[in-house]
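What follows is each chain in one-letter form.
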Amino acid sequence: MGSSNDNKWSDTAMLVIDMQKEFVDPAMNSLTFLAGGEVILPAVTQAVKLARERGIFVVWVVREHDPAGRDVELFRRRFYSGGKGPAMKGCKGAELADGLAIKEEDYKLVKTRFSSFFATNLDSVLKTSGIKNLVVVGVQTPNCVRQTVFDAVALDYEKVTVIVDATAAANPEIHLANIRDMKNIGVETPTLEGWSGSV
């Protein structure tokens, strides 16, 4: 990793959103499993690898919920009873998908709503780390990805990028419709290959 890469990417962070077993691993048999999330796992893994090679600050955004569902959105609380529910703190479903791991230089951010910025310290962590630009990967496009991206634009991050084939929704049509909406507010939407080739 050369110093030119360090300088070029030092003000960029990658947000890896909700790439947890609960959402992307079919073996979990979860109500919240997203087939598209399983499909993009190799692309997300490659994007994280490239981010680290470039010296990009990697932020793992995850859901970890109270077993009683007291910190989850009202419409999801019905999924929590008897100490069971999606992405509960300390449970297998809340773990990162196989092949993904948080390293010492990374940052883990727990959220309880769609946006990674809502009621979290993410903006503070990024701004005090000198971050001006964001690259977003993960699931799912119309919910957590989109809300996070719209908030990032509202918070005046200079450049927001969503890697199209390292993000996913319940189906390709929903995914692409949301990508178009984000592109319409100035978000860059390259493929992983296109972003990999950027210098």
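A quick note: this is a predicted structure, and the numbers were derived from the prediction, not measured.

1. What about helix α5 (residues 141–154)?
Thr141, Cys144, Val145, Thr148, Val149 and Ala152 are the residues of α5 that are buried. Residues of α5 that are buried sit in contact with β1 (12–17), β2 (57–63), β3 (107–111), β4 (133–139), β5 (159–168) and α6 (172–183). Asp156 sits one or two residues past α5 and shows a positive phi near 70°.

2. A look at the sheet that holds β3
Pairing in this open sheet of 5 strands is parallel, and the strands run β3-β2-β1-β4-β5 from one edge to the other. Taken across any chain shown, the strands that pair with only one partner, and hence form the sheet edges, are β3 and β5. Taking the axes of each pair of neighbouring strands and ignoring which way they run, one obtains an average angle of 20° across the sheet. Sheet analysis places β4 next to β5, joined by 6 bridges and oriented parallel. Residue pairing in the sheet places Leu134 in a bridge with Val160 of β5. Here helix α3 (residues 35–54) sits on the sheet in contact with β1, β2, β4 and β5, set at roughly 135° to β5. This element, α5, spans β1, β2, β3, β4 and β5 of the sheet and lies at about 170° to β5.

3. Topic: the pattern of salt bridges
One pass over the structure, following the stated rule, counts 12 salt bridges. Between Asp106 and Arg52 there is a salt bridge, with its nearest N and O atoms 2.3 Å apart. Taken together, the residues Asp106 in the loop between β2 and β3 and Arg52 in helix α3 connect sequence positions 54 residues apart. The class for Arg52 is partly exposed, based on a relative accessible area of 22%. A salt bridge links Arg63 to Glu73, with the shortest nitrogen-to-oxygen separation between them at 2.7 Å. With Arg63 in strand β2 and Glu73 in the loop between β2 and β3, this pair connects stretches of sequence that are 10 residues apart. One salt-bridge network, held together by shared partners, links Lys21, Glu95 and Asp98.

4. Focus: the environment of Ile179
Mapped onto the elements, Ile179 comes out in helix α6. Residue classification places Ile179 among the buried residues on the basis of a relative accessible area of 6%. For the pair Ile179 and Thr112, spaced 67 residues apart in the sequence, the C-alpha separation amounts to 23 Å. Among residues more than four places away in sequence, those in contact with Ile179 are Thr141, Val162, Val164, Thr167 and Thr189.

5. Remarks on the nonpolar core
Membership of the largest hydrophobic core comes to 31 residues, with the highest contact counts inside it found for Met14, Val16, Met19, Val44, Ile163 and Trp195. Of all elements in the fold, only β1, α2 (21–24), α3, β2, β4, β5 and α7 (192–196) reach the threshold of two or more residues within this core. Among the elements that line this core, the one with the most residues is α3, at 8 residues. Excluding its chain neighbours within four sequence positions, the residues that come into contact with Val16 are Val44, Val48, Val58, Val59, Trp60, Val61 and Val137. Grouped together as the second largest cluster of nonpolar side chains are 25 residues, Ala13, Val136, Val164 and Ile179 included.

6. Comments concerning α3
An ideal rise of 1.5 Å per residue puts 28 Å on 20 residues; α3 measures up with 29 Å between its terminal C-alpha atoms. Leu41 marks the point of greatest bend in α3, at about 45°, and the proline Pro42 comes within the next four residues. Buried residues of α3: Gly36, Gly37, Ile40, Leu41, Ala43, Val44, Ala47, Val48, Leu50, Ala51 and Arg54, and no others. Once α3 finishes, Gly55 follows within two positions and takes phi at roughly 80°, a positive value.

Rules behind the numbers
- Residues numbered from 1 in each chain as written.
- Predicted model: local features only at pLDDT ≥ 70, side-chain atom pairs only at ≥ 80, totals over all residues.
- Heavy atoms only, no water.
- Buried < 20%, exposed > 50% of the residue type's maximum accessible area, 1.4 Å probe, protein only.
- Helix = DSSP H or I, 4+ residues; strand = E, 2+ residues; numbered from the N terminus.
- Contact = heavy atoms within 4.5 Å.
- Pairing = 2+ DSSP bridges.
- Axes fitted to C-alpha atoms, helices over the stretch in contact; angles between N-to-C directions.
- Salt bridge = Lys/Arg side-chain N within 4 Å of Asp/Glu carboxyl O.
- Core = buried A, V, L, I, M, F, W, Y, C linked by side-chain atoms within 4.5 Å.
- Expected span 1.5 Å × (residues − 1).
- Bend = angle between axes of the 7 residues up to and from the residue.

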